[in-house]
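# Chain and residue survey
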Amino acid sequence: MLNVPSQSFPAPSSQQRVASGGRSKVPLKQGRSLMDWIRLTKSGKDLTGLKGRLIEVTEEELKKHNKKDDCWICIRGFVYNVSPYMEYHPGGEDELMRAAGSDGTDLFDQVHRWVNYESMLKECLVGRMAIKPAVSKDYHEEKKVLNGMLPKSQVSDALVKEGPSSPSYDWFQTDSLVTIVIYTKQKDINLDSIIVDHQDNSFRAETVIKDYSYILHVGLSHEVEEDISVRVVENVGKIEIVLKKKETTSWKRLGHSLENHNSLIPRKDTGLYYRKCQLISKEGVTHDTKLFCLMLPPSAHLQVPTGQHVYLKLTITGTEIVKPYTPVSDFLLSEFKEPVLLNNKYIYFLIKVYPDGLFTPELDHLQIGDSVSVSNPEGNFKTSQFQELEDLFLLAAGTGFTPMAKILNYALTNIPSLRKVKLMFFNKTEDDIIWRSQLEKLAFKDKRFDVEFVLSAPTSEWNGKRGHISPALLSEFLKRSLDKSKVLICICGPTPFTEQGIRCAWRKVLNHSHLPSLRLHSKLTQPVTKHLCFWHTAPPGVSEPRRSLNSSGGSPRILWGPHSQSSGLCYGLQFKDSKTPTSRVGNEERGLYSKSHLLKNSGCLLGSKKK
């Protein structure tokens, strides 16, 4: 509720997308910016109305404070008086009032779980809810399962039914090494799946298994060296993490358990974990965009999967500010540049610096050697979508190109079935084009790749395409290499660009005879299966569509559509073995609109109300 992330790709269910796609900013009065709020919190003014006292708040007391001028909200057991913040909230007063006098944790998590509300609202803290804190597990109890299976008490019934099999772990030692082994029982585990951090003798390993995280978190019984090594045996799903002992002492135990140790929990419930990274270099790419290189601590292992993003955190005038960014490679393809730094210890970001912004000028003013906190990755873009892919279409505007860089690299390097990759890159002027020379070199080097630059404010000398994203521009661009080729379309850019791109893509899809073999991915949509189906977070008040299959296991094939209700959104699923397509609006079942009706009213395909 406190900060609005910039645009990102693709992460359809990530907090970043929900924040940008699920609500809109409202105009704030002059003097009500984020920096103005920070100044107010530093002014010494009593923002709680309690004159510095912290109280224990009962549920009955919380319910009493449900008005705009007296609004208390509970987030994760802490109660805040958000009345002073009302006029500073980018999402508007009504958004905050949805949680007035109640526990707003779920609502907060739906919109932007990643925001550091503790820092933003610390001067508004009323106290703690009158609830007994969870009793931390005694280490001796934990020791019984330290090397064994996950205790049943830590696995919910839903997780047992729907989630992956519970991993387990063990550890062994030599005179100089300690090796921790995680048995994931999964065959699709790789180095992107495991995140390891060792800070202040606290060891934490998070293994991403589908939509869950298996966490090991212990305070080590002895000191170890900073550098760690990680190895994955993919065919059996085994992960080995090797620590170097500082002293050749025999360990009697690995350590004592810390928060969420030996737990398998949904990723959405894990929270964001940060580590401090060092700024190694920054270099200009365009007149307002720079390539930043951050180095991970030697005691960390983190590889950001293709298409996913992380959050960067800086402390600005005493307040922690967080923004999402998608990492890139240091160069478009490694053949263009001699490798100078090991990729697994460095993270690169192409970031546009806004002179009047709050975060990017502060980032740009950092000196080499300064620190930036980097979170765990988020997003659910899967490279498995590339399997047997033949045509890949990329639509990017401005810094929306950043996720395309890794996707482009991955596809051309790893997908043998690929026939064609086409990038249409939208910018205002020639000076705004990121990595133009590299893209042109790549197109010359690899005949499978084509790039088209489109400018909205070109000079008179510009001989290329002009304008904004439109059906006319995309009509020729979205042509397949073969009539029945398997296609994926990726879109990234500002929200209006992305919405228009989806509408244009839909027009192309709906006029195509080979519907099931085309997929589209953007920060607003997500394919449900390898057959055609698009996914979208429901607007406020509308239930999320379920990933259901019929009893015979058919695959959903079709579509979104407009609906006359105020939500303006209709979810449509048609199964391959069903002749009666249905749609879902909230919990109501209705007949699906015809293809011609969908095309005619495609302006409503994104859930916006009819004009």
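The structure reproduced in this document is the subject of the present report. Just so you know, these numbers come straight off a predicted model, no measurement behind them.

### Some points on the overall build of the protein chain
Helices and strands together make up the secondary structure of the protein chain, namely 14 helices and 33 strands. Relative to its full complement of 611 residues, the protein chain shows a buried share of 54%. The contacts of the protein chain with a sequence gap of at least 6 include a subset with a gap of at least 24, amounting to 70%.

### Digging into the nonpolar core
One finds Trp 37, Leu 294, Leu 312, Phe 349, Phe 359 and Leu 363 to be the most contacted residues of the largest nonpolar core, which totals 45 residues. The dominant element in this core, judged by the number of residues it contributes, is strand 19 (residues 310-316), at 4 residues. Sequence-distant contacts of Leu 363, defined by excluding residues within four places in its chain, comprise Phe 292, Leu 312, Leu 314, Ile 351 and Val 372. One finds Val 421, Ile 433, Ala 443 and Cys 490 within the second-largest nonpolar core, a separate group that totals 39 residues.

### Brief notes about the packing of aromatic side chains
Across all of its chains, the model carries 13 aromatic pairs by this definition. Note on Phe 401 and Phe 425: the rings are 5.1 Å apart at their centroids and 20° apart in plane angle, and the pair reads as stacked. Of this pair, Phe 401 sits in the loop between strand 24 (391-397) and helix 10 (402-414) while Phe 425 is found in strand 25 (residues 420-427), placing the two residues 24 residues apart along the sequence. Look at Phe 401 and you get buried, because its relative accessible area is 0%. Seen from their ring centres, Phe 401 and Trp 435 are 6.3 Å apart, and the 85° between their planes marks the pair as edge-to-face. Highlighted residues: Phe 401 in the loop between strand 24 and helix 10 and Trp 435 in the loop between strand 25 and helix 11 (436-445), separated in sequence by 34 residues. Above the face of the Tyr 273 ring, Arg 204 is positioned so that its terminal group lies 4.4 Å from the ring centre.

### Regarding the side chain of His 65
Structurally, the position occupied by His 65 is in the loop between helix 3 (59-64) and strand 2 (66-67). A residue is classified by how much of its surface remains accessible, and His 65, at 10% relative accessible area, is buried. Among the polar contacts made by the side chain of His 65, one reaches the side chain of Asp 70 at a distance of 2.8 Å. Contact partners of His 65, with chain neighbours within four places excluded, come to Asp 70, Cys 71, Trp 72, Ala 100 and Gly 101.

### Description of the sheet that holds strand 22 (residues 346-352)
Reading across the sheet, the 7 strands line up as 20-19-23-16-17-22-21 and stay open at both edges, with antiparallel pairing between neighbours. Two strands lie at the open edges of the sheet, namely strand 20 (319-325) and strand 21 (327-328), each paired on one side alone. Note that strand 19 and strand 23 (residues 371-375) share 2 bridges and pair antiparallel. By the bridge assignment, Lys 313 is partnered in strand 23 with Ser 373.

Criteria and cut-off values
Residues numbered from 1 in each chain as written. Predicted model: local features only at pLDDT ≥ 70, side-chain atom pairs only at ≥ 80, totals over all residues. Heavy atoms only, no water. Helix = DSSP H or I, 4+ residues; strand = E, 2+ residues; numbered from the N terminus. Buried < 20%, exposed > 50% of the residue type's maximum accessible area, 1.4 Å probe, protein only. Contact = heavy atoms within 4.5 Å. Core = buried A, V, L, I, M, F, W, Y, C linked by side-chain atoms within 4.5 Å. Phe/Tyr/Trp six-rings, centres within 6.5 Å; stacked < 30°, edge-to-face > 60°. Lys NZ or Arg CZ within 6 Å of the ring centre and 35° of its normal. Polar contact = N/O pair within 3.5 Å; in protein donor to acceptor, adjacent residues only side chain to side chain. Pairing = 2+ DSSP bridges.

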